[in-house]
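So you can see what is in the structure, the chains are spelled out below.
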Amino acid sequence: MIYLITYDIESPKKRKIISEVLLSHGFKRIQKSVFLSKENIKFIEEVIGGINSLLQIKKDSIIYMPLCREDFDKSYFIGNNSFSRESLQLDEFLVF
């Protein structure tokens with residue numbers, strides 16, 4: 001299972017910390033505040049739980065959702081971003 005993680009954090013300092021935490025735990029950045037992970041849900045909840053204390057619940061949010069490989073393969077990436085399916089190296093990243 002692939003998980004899509006996205007966040008909307010008001011503080012630039014906290015956004016930077018959260019992105020560094022996600023990257024250091026192997027999450028793949030696909031946009032500035034959007035990441036992918038192939039880890040299991042327990043691992044993702046542990047990582048998200050660890051950064052939960054940084055959130056201002058009334059202003060900030062983190063969303064993580066499951067995405068099966070079939071749906072991921074149907075997705076489109078339009079516009080100017082540095083992400084591409086090739087850059088993600090799905091065969092190495094996603095193991096089914």
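Residues numbered from 1 in each chain as written. Predicted model: local features only at pLDDT ≥ 70, side-chain atom pairs only at ≥ 80, totals over all residues. Heavy atoms only, no water.

### Section: the packing of helix H1 (residues 12–24) against helix H2 (residues 41–51)
So, step 1. At a closest axis distance of 11 Å, the pairing of H1 and H2 adopts a crossing angle of 155°. When the axes of H1 and H2 are compared, the pair comes out roughly antiparallel. Judged by the sense of rotation from one axis to the other, the crossing of H1 with H2 is right-handed. Side by side, H1 and H2 meet where Ile18, Val21 and Leu22 of the first sit next to Val47, Ile48 and Ile51 of the second. (Axes fitted to C-alpha atoms, helices over the stretch in contact; angles between N-to-C directions. Helix = DSSP H or I, 4+ residues; strand = E, 2+ residues; numbered from the N terminus. Parallel < 35°, antiparallel > 145°, perpendicular 65-115°, else oblique. Left-handed = near helix turned anticlockwise from the far one by under 90°. Contact = heavy atoms within 4.5 Å.)

### Remarks on H1
So, step 1. Its 13 residues give H1 an end-to-end C-alpha distance of 18 Å, which sits within 8% of 18 Å, the value for a rise of 1.5 Å per residue.
So, step 2. Every buried residue of H1 is listed here: Ile18, Ser19 and Leu22. Mapping the buried residues of H1 onto a view down its axis gives an arc of 100°, with all of them on the same face. Relative to its buried face, H1 has exposed residues pointing more than 90 degrees away, namely Lys13, Lys16 and Ser24.
So, step 3. Those residues of H1 hidden inside the fold are in contact with strand E1 (2–8), strand E2 (28–31), strand E3 (34–37) and H2.
So, step 4. Gly26, located one to two residues past H1, shows a positive phi value of around 90°. (Expected span 1.5 Å × (residues − 1). Buried < 20%, exposed > 50% of the residue type's maximum accessible area, 1.4 Å probe, protein only. Arc of directions from axis to C-beta.)

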